[in-house]
Amino acid sequence: MVLDSMFSNSLITRRNALKIALASATGMGVKKVWDNLDSEDVFAQEYFGLNSLKQRAAAKGLIYGAAIPKDYLAIDKKLADSFVRNCGILASDTDLKWDALRPTPDKFDFSKGDWLLRFAKKQNIPFRGHTLVWYQAFPKWFEGVLNRNNAEKLMTEHIATVTKHYAGQMHSWDVVNEAIEPYHRRSDGLRETSWFKFLGPDYIELAFRIAAENDPKALLVYNEASLVYDLRSQEMRRDFTLKLLDKLKSKGTPIHALGIQSHLTGHLNILDAKKLRDFLADVASLGLKIMITELDVNDFELPFDIATRDSLVASKLEEFLSVILEERAVTTVITWGLSDRYTWYSRYKRADSAPVRPLPLDSDFKPKLAWDAIAKAFDNAPKR
Ligand code: G3I
């Protein structure tokens, strides 16, 4: 892009350069452009090819999207418009979990999931479901009902009913979420969840087989947290996850991808590019695809000043995605939300009580440096 040759590639410089160039190209005063460009000015995006994240990702054979609860998409038109402009895949956050789907032991409520599927279909983009088997987000009745005698029936009926309901319409399912917990000190690193307690370690393989039987078209994903950093606990998670994936594949389990949640930490410099790159290559060598499924950057410990904080968040995204996207088995990048107005982090408070800023768009749906960082990572990624 001509602008790059004129200015250094720093995110802030490029954006300012763009505003000045746009003002001269359009005859508008720089101030007017300045105030408008960040509102995702369609003219700016078209004129300078500042396409949306959806288009930047697609240009390299990748998919970018976001996980957003139905209740937010349904009530906030600006959120929905920003989503449609920027996202090439919709993922569920809370609406396809047990507590949303199962109001009572013998009733399924698909209303929110169906709404999301209709929304995705209307935009002609894929829809991914999160999550069929987890140790959290149970409905209130669950703990009092689950026991050794009904655990297998409860789990398999849930998976079969839900995957059958959406069969043929899903991009992918997080079949099992967060089954690894090194602190439970098992030799296989498995988390001792209720499912594990009553069904043993093979509950994971069983879950994938039931999902595949009822929706042979969906990509079936194992989703895990805390796999990214050069910390002892996360190195153990990577090792246990690889062992689990290798065991599943060696038994012919219908599993197609690893989901790496990627809730990044803004204030720590603990990413070892080689260790992360080697882990991704090991996963890919099992014949699995890789999806980034819950990307955001917690800024709780970052400075109050917004320009400084946004720049640090952007640098963490750029650092992470530059390593991730080198691995061609990586197909998809999904942020856990799109705008700071709707992030799960807002329920926790910074010491200075300043609103958190973990996502690509600010709370007025304007692109931030985080948006630029993700866009730049897609632009620099090898084409799939
Ligand atoms: O919708 C109800 C609302 O009606 C009620 O008034 C309110 C107060 O009880 O609760 C609302 O539901 C909450 C829901 O989020 C929607 O906001 C649930 O209590 C709350 O538990 C739920 O938290 C979600 C959590 O998963 C558990 O499902 C978070 O938003 C969501 O970001 C989080 O996401 C997880 C991923 O699934 C797995 N990876 C980690 C990630 C972050 O924890």
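These figures come from a predicted structure and were not determined experimentally.

Visitor: Run through the overall build of the protein chain, naming residues and quoting values.
Guide: Check the secondary structure of the protein chain and you find 17 helices and nine strands. Here the protein chain, with 384 residues, has 55% of them falling under the buried criterion. When the accessible surface of the protein chain is split by element, carbon and sulfur atoms take 53% of a total near 16,200 Å².

Visitor: Residues and numbers for helix 9 (residues 111–122), please.
Guide: Residues three or four positions apart in an α-helix share a direction because the helix packs 3.6 residues into each turn. With twelve residues, helix 9 ought to run about 16 Å at 1.5 Å a step, and its terminal C-alpha atoms sit 16 Å apart, in line with that. Buried positions along helix 9 lie against helix 6 (70–75), helix 7 (77–86), strand 2 (90–91) and strand 3 (127–133). Looking one or two residues beyond helix 9, the residue adopting positive phi is N124, at roughly 55°.

Visitor: Residue-level account of the pattern of salt bridges, with values.
Guide: Evaluated as defined, the whole model comprises 26 salt bridges. Here D71 and K112 are joined by a salt bridge, their closest N and O atoms 2.8 Å apart. In this pair, D71 is assigned in helix 6 and K112 in helix 9, connecting sequence segments 41 residues apart. The exposure class of D71 is partly exposed, given its relative accessible area of 34%. Note that K247 and D202 form a salt bridge whose closest N and O atoms lie 3.9 Å from each other. Here K247, found in helix 14 (residues 232–250), pairs with D202, found in the loop between helix 12 (194–199) and helix 13 (203–214); they are 45 residues apart in sequence, far enough to count as distant. Shared partners join several salt bridges into a network, and the residues in it are D202, E205, R209, K247 and K251.

Visitor: Describe the pairing of strand 3, with residues and values.
Guide: With respect to burial, strand 3 is a largely interior element, seven of its seven residues being buried. Across two bridges, strand 2 lies against strand 3 in parallel orientation. What sits directly across from A91, in strand 3, is R128. As judged from the four bridges shared by strand 3 and strand 4 (residues 172–177), these two strands associate in the parallel manner. Following the sheet pairing, G129 is matched in strand 4 by W173.

Visitor: Just give me the short version of the confidence of the model for the protein chain, but keep the residues and values in it.
Guide: This prediction gives the protein chain a mean pLDDT of 91; 87% of its residues lie at or above 70. In the predicted structure, residues 1–15 sits below a pLDDT of 50 and forms 27 contacts with residues beyond four places in sequence or in another chain. Low confidence marks residues 25–44, where pLDDT is under 50. Its contacts with residues over four positions away, or in another chain, come to 36 contacts.

Visitor: Now, about the environment of L73: what can you tell me, with residues and values included?
Guide: Within the secondary structure layout, L73 lies in helix 6. Taking the C-alpha atoms as reference points, L73 and W115, separated by 42 residues in sequence, lie 9.9 Å from one another. In contact with L73, not counting residues within four places along its chain, are I68, L79, A80, F83, L90, W115, L116 and F119.

Visitor: Can you tell me about the site of the ligand, naming the residues and giving the values?
Guide: Inspection of the region around the ligand gives 14 residues, with K97, H130, E294, W336 and R347 positioned closest. Note that a nitrogen atom of the ligand is positioned 3.1 Å from one of the side-chain N or O atoms of E178. Taking Q261, its side chain carries an N or O atom lying 3.0 Å from a nitrogen atom of the ligand. Protein chains shield 53% of the accessible area of the ligand, which is 790 Å² for the free molecule. By residue class, the composition of the shell around the ligand is four nonpolar, five polar and five charged.

Visitor: An account of the packing of helix 14 against helix 15 (residues 273–284) is requested, with residue identities and associated values reported.
Guide: Axis separation between helix 14 and helix 15 bottoms out at 10 Å; the angle between their running directions is 10°. In terms of axis orientation, helix 14 runs roughly parallel to helix 15. The segment helix 14 lies against helix 15, with E235, R238, T241, L242 and L245 engaging K275, F279, D282 and V283. Of the residues assigned to the contact of helix 14 with helix 15, the class counts are four nonpolar, one polar and four charged.

Visitor: Let's hear about helix 11 (residues 151–165): which residues, and what values?
Guide: The terminal C-alpha atoms of helix 11, which comprises 15 residues, lie 21 Å apart, in line with the 21 Å expected from a rise of 1.5 Å per residue. Looking at helix 11, one finds that the buried residues are A151, L154, M155, T156, H158, I159, A160, V162 and T163. Elements that come into contact with the buried residues of helix 11 comprise helix 8 (98–101), strand 3, helix 10 (142–145), strand 4, helix 12 and helix 13.

Visitor: Could you give me a rundown of the packing of aromatic side chains, with the residues and numbers involved?
Guide: All told, the structure shown has 18 aromatic pairs when counted by the stated rule. Ring centres 6.1 Å apart and planes at 80° place the aromatic pair W98 and F138 in the edge-to-face group. Taken together, the residues W98 in helix 8 and F138 in the loop between strand 3 and helix 10 connect sequence positions 40 residues apart. Feature note: the residues W98, F138, W141, F142 and W195 constitute an aromatic cluster, connected by ring pairs. For the cation-ring pair, R102 lies above F108, with the distance from its terminal atom to the ring centre recorded as 4.0 Å.

Visitor: I'd like a rundown of unusual backbone geometry, residues and numbers included.
Guide: A cis geometry characterises the amide bond from H130 onward to T131, with omega recorded as -10°. By secondary structure assignment, the location of T131 is in strand 3. For A137, which is not a glycine, the phi torsion comes out positive at approximately 60°. Looking at the element boundaries, A137 is found in the loop between strand 3 and helix 10. Backbone geometry at S262 places phi at a positive 70°, although glycine is not the residue there. Here S262 lies in the loop between strand 6 (257–260) and strand 7 (263–265). Given a relative accessible area of 4%, S262 falls into the buried group.

What counts and how
Residues numbered from 1 in each chain as written. Predicted model: local features only at pLDDT ≥ 70, side-chain atom pairs only at ≥ 80, totals over all residues. Heavy atoms only, no water. Helix = DSSP H or I, 4+ residues; strand = E, 2+ residues; numbered from the N terminus. Buried < 20%, exposed > 50% of the residue type's maximum accessible area, 1.4 Å probe, protein only. Areas by Shrake-Rupley, 256 points an atom, 1.4 Å probe, with all protein chains shown as cover. Expected span 1.5 Å × (residues − 1). Contact = heavy atoms within 4.5 Å. Salt bridge = Lys/Arg side-chain N within 4 Å of Asp/Glu carboxyl O. Pairing = 2+ DSSP bridges. pLDDT = per-residue confidence, 0-100. Near = heavy atom within 4 Å. Polar contact = N/O pair within 3.5 Å; in protein donor to acceptor, adjacent residues only side chain to side chain. Nonpolar A, V, L, I, M, F, W, Y, C, P; charged D, E, K, R; others polar. Axes fitted to C-alpha atoms, helices over the stretch in contact; angles between N-to-C directions. Parallel < 35°, antiparallel > 145°, perpendicular 65-115°, else oblique. Phe/Tyr/Trp six-rings, centres within 6.5 Å; stacked < 30°, edge-to-face > 60°. Lys NZ or Arg CZ within 6 Å of the ring centre and 35° of its normal.

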